[in-house]
Structure formats: structure tokens, C-alpha cells
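Report on the structure
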Amino acid sequence: VKPCRFDYVAPATLDEALRLLDQHRDDAKLLAGGQSFIPVMNFRLASPAVLIDLNRIQELAGLTQAHDGSISAGAMTRHRVFEQSELVRSGLSLIHAAMPYIAHVQIRNRGTIGGSLAHADPSAEWGALCVALEATVTMASSEGERDVAAADFLQGVYATLLEPNEILTRVRFPAWPARRRWGFTELSRRRGDFAIVGAVCTIDVDENERCSAARVVVFGAGDKPVVIEAAGELLAGAPDAQRSAEVGRLARSVVETRSDHHASAAYRSELVEVLTRRAIDQALNRNHDRPAGERI
Ligand SMILES: Cc1cc2nc3c(=O)[nH]c(=O)nc-3n(C[C@H](O)[C@H](O)[C@H](O)COP(=O)(O)OP(=O)(O)OC[C@H]3O[C@@H](n4cnc5c(N)ncnc54)[C@H](O)[C@@H]3O)c2cc1C
């Protein structure tokens with residue numbers, strides 16, 4: 001056995017899981033898809049005394065749509081479920097198209113949205129998608145629930161707002177506007193690897209095809225997904241290739257990049273500019289009548 005010895009519990013309800021968390025506090029860790037945490041345990045970077053497996057808790061899995069058009073995902077909803085869901089394909093087409101960029105199908109069969117957000121790898125697609133789409137993250141403890149914006153939930157490299165007694169239970173995506181365009185780009189060393197840098201763009205247009213709102217998010221470059229705040233203003237009206245290039249340069253100037261064994265900070269800065277521009281150009285140029293989820 002590679003990890004340290006641990007006790008294993010698999011509660012069937014959220015209440016039971018929260019009670020176990022209260023009981024064991026810092027000695028316990030939660031297990032979702034295990035795709036990030038089992039390797040962490042195997043390398044003995046974490047050695048919890050108790051592992052609380054969330055996989056049997058039905059109320060944490062699945063997708064639902066509310067009357068207002070928003071779509072909620074239980075924290076244990078697997079990447080592959082998003083990839084194959086008709087609801088996501090029609091109602092959150094950006095997410096549907098981005099899912100194949102997460103690892104490989106075997107990993108997507110197990111990995112969960114909640115696990116990915118809680119792990120908070122700055123190169124993970126889920127963080128950027130949730131920030132770009134202004135998703136709300138719900139956390140529960142035995143004392144109740146609290147909601148926070150995904151952009152606030154993600155605090156830095158492997159750091160979130162989760163307290164040791166909390167479980168991420170749900171992610172809610174606001175209703176998808178009728179006239180939303182989007183772009184998604186990332187560069188990774190091999191297909192399925194984590195992104196070295198990526199960029200997501202949404203552009204909402206009015207009936208005259210003029211941009212009324214735009215959001216640009218860069219990920220993999222710094223400690224967490226970065227919203228390029230001025231992009232909305234720069235892309236308002238009738239944006240063109242010149243303006244997308246301008247936002248690319250702006251993104252390069254505001255995103256503080258880091259160096260690691262995958263890429264230098266300087267190379268990441270170059271990617272921030274190029275991929276931001278490409279994501280915006282995609283949003284401006286792609287024919288959104290094509291079926292959602294087609295390879296980008
Ligand atoms: C080879 C490989 C390639 C990968 N490539 C990519 C990639 O390209 N892009 C990408 O985004 N990801 C990638 N991943 C990671 C994968 O997407 C994981 O599934 C994901 O990061 C973690 O999700 P999980 O459900 O497996 O969580 P786990 O590994 O089970 O848990 C991760 C962490 O989150 C905590 N946690 C889990 N669920 C909750 C919850 N509901 N509430 C509070 N805390 C919780 C756990 O305690 C643990 O600390 C890759 C993984 C592998 C092994």
C-alpha cells in the first residue's frame with residue numbers, strides 16, 4: 001500500500017458526512033473522484049487519518065434546471081456527465097465544448113466538478129469556466145449553507161474559502177443569455193494535459209449583433225483564474241480583430257505569470273496575449289448555429 005494507513009467511511013447522506021467532518025475535523029479528508037487526491041495520498045503529501053468518501057451521497061450528484069433557466073450541478077457530478085448531458089449541450093454550450101480538454105475519458109469518468117474546484121489547481125478548466133460564467137458555489141456545514149461567487153471561492157494555488165468542516169455541495173450557473181457568443185482556447189504540452197495557459201471569452205450581443213457585455217478570463221498563468229476587468233468596455237459595441245488584439249495586450253500587462261517546470265513566466269505572458277486574442281476572435285467569428293460541443 002502506497003498511502004499511509006487510514007480509516008475509510010462512506011456515508012449515504014450529506015448530514016452524515018457533515019457529522020463525520022465535525023467529529024474528525026482536521027484528521028479527515030473528503031474523497032470525490034479521487035483523481036487528484038489519491039495521487040496526493042500515494043505520494044504521502046497528505047495522510048489523513050480518516051477518509052470520508054462522498055461517492056454514495058445521491059443528493060450531491062446530478063444536474064437540474066430551475067424555472068429561471070439557471071442550471072445547478074451537484075458537487076459529485078462527473079466531468080463526463082457534463083460532456084454527455086443534453087441539458088449542458090443546449091444550455092451551457094461553452095462547458096460542453098470545454099469538457100474534452102480535461103484529462104482523458106477515464107479520468108473524466110471519475111473526476112467531479114466539486115473535486116476540481118476544491119482542489120483549486122490554477123490550470124484546471126473548471127475554475128476558469130465557473131469564473132467566466134459567474135457561477136455560484138454553495139458550501140454546507142452542520143451550521144448551515146453559504147453561497148459565494150466562484151471568483152471569490154478560488155483563493156490561490158490549491159487554496160479556497162472552504163473551512164475544514166465544510167463540504168462543497170453545489171455549483172449554480174446563471175441562465176445562459178439567448179445571444180451569447182463564446183471562445184475557449186488553451187495550450188497544453190499533450191492532449192489531455194493540464195493547460196499551460198488558457199483563455200475563455202463570452203460575448204453577449206443585442207439584436208443588432210452589437211456587444212452589450214463581454215467577459216474574458218485567463219487561467220493557468222497565475223495563481224488562480226484572472227478576470228480581465230477592462231475587456232467588457234474595450235469590446236463594447238462592434239468589436240473587431242484590432243480590439244481583440246488590444247485586449248490580448250492588456251491581458252498580458254495585467255496577468256502576473258509564474259514560472260514552473262512546464263513553462264517560464266515570460267513564455268506564459270506571451271501565451272496570455274495570444275490565447276486571449278484567439279478566444280475573443282473565436283467568440284466574434286464562430287458560427288454559433290453549428291451544433292454546440294463540436295471540437296473547437
Ligand atoms: C493524469 C491526470 C490528468 C489530469 N488532467 C486534468 C486537466 O487537464 N484539467 C483538469 O482540470 N483536471 C485534470 N485532472 C484532475 C481531474 O480533473 C480531477 O478529477 C479533479 O482535479 C479532482 O476531482 P476529483 O473529483 O477527482 O477530486 P478528488 O481527487 O477526490 O479530491 C480533490 C480535493 O478536493 C477535496 N474535495 C473533493 N470533493 C469535495 C467537496 N465536495 N467538498 C469539499 N472538498 C472536496 C478533496 O478532499 C481533495 O482535497 C487530471 C488528473 C489526472 C490524474
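Our subject is the structure that appears above.
Residues numbered from 1 in each chain as written. Predicted model: local features only at pLDDT ≥ 70, side-chain atom pairs only at ≥ 80, totals over all residues. Heavy atoms only, no water.

All right, on to the pattern of salt bridges then. Tallying each qualifying case throughout the model produces 13 salt bridges. Where Glu-83 meets Arg-80, a salt bridge forms, and the shortest distance between an N and an O atom there is 3.1 Å. Placement of the pair is Glu-83 and Arg-80 together in helix α3 (residues 79-84), with a separation of three residues, close to one helical turn. By relative accessible area, which is 14% here, Glu-83 ends up buried. Linking Arg-258 and Asp-260 is a salt bridge whose minimum nitrogen-to-oxygen distance equals 3.0 Å. We classify Asp-260 as partly exposed; its relative accessible area is 28%. Put simply, Arg-80, Glu-83 and Arg-108 are held in one network by salt bridges that share partners. (Salt bridge = Lys/Arg side-chain N within 4 Å of Asp/Glu carboxyl O. Helix = DSSP H or I, 4+ residues; strand = E, 2+ residues; numbered from the N terminus. Buried < 20%, exposed > 50% of the residue type's maximum accessible area, 1.4 Å probe, protein only.)

What follows deals with the packing of aromatic side chains. Centre distance and the angle of the planes are the two values used to describe a pair of aromatic rings. Under the defined criterion, the tally for this structure stands at four aromatic pairs. Between the aromatic rings of Phe-82 and Trp-126, the centroid separation amounts to 4.6 Å while the plane-to-plane angle is 65°, which identifies the pairing as edge-to-face. Taken together, the residues Phe-82 in helix α3 and Trp-126 in helix α8 (residues 125-132) connect sequence positions 44 residues apart. This pair shows no difference in class: Phe-82 is buried, exactly as Trp-126 is. Aromatic pair Trp-126 and Phe-173: ring centres 6.4 Å apart, planes at 35°, arrangement tilted. On the criterion of sequence distance, the pair formed by Trp-126 in helix α8 and Phe-173 in strand β10 (residues 167-173) is long-range, its members being 47 residues apart. Residue class for Trp-126 comes out buried when judged on its relative accessible area of 0%. Residue classification places Phe-173 among the buried residues on the basis of a relative accessible area of 1%. Taken together, Phe-82, Trp-126 and Phe-173 form an aromatic cluster joined through their ring pairs. Sitting above the plane of the Tyr-101 ring, Arg-191 keeps its charged end 4.6 Å from the centroid. (Phe/Tyr/Trp six-rings, centres within 6.5 Å; stacked < 30°, edge-to-face > 60°. Lys NZ or Arg CZ within 6 Å of the ring centre and 35° of its normal.)

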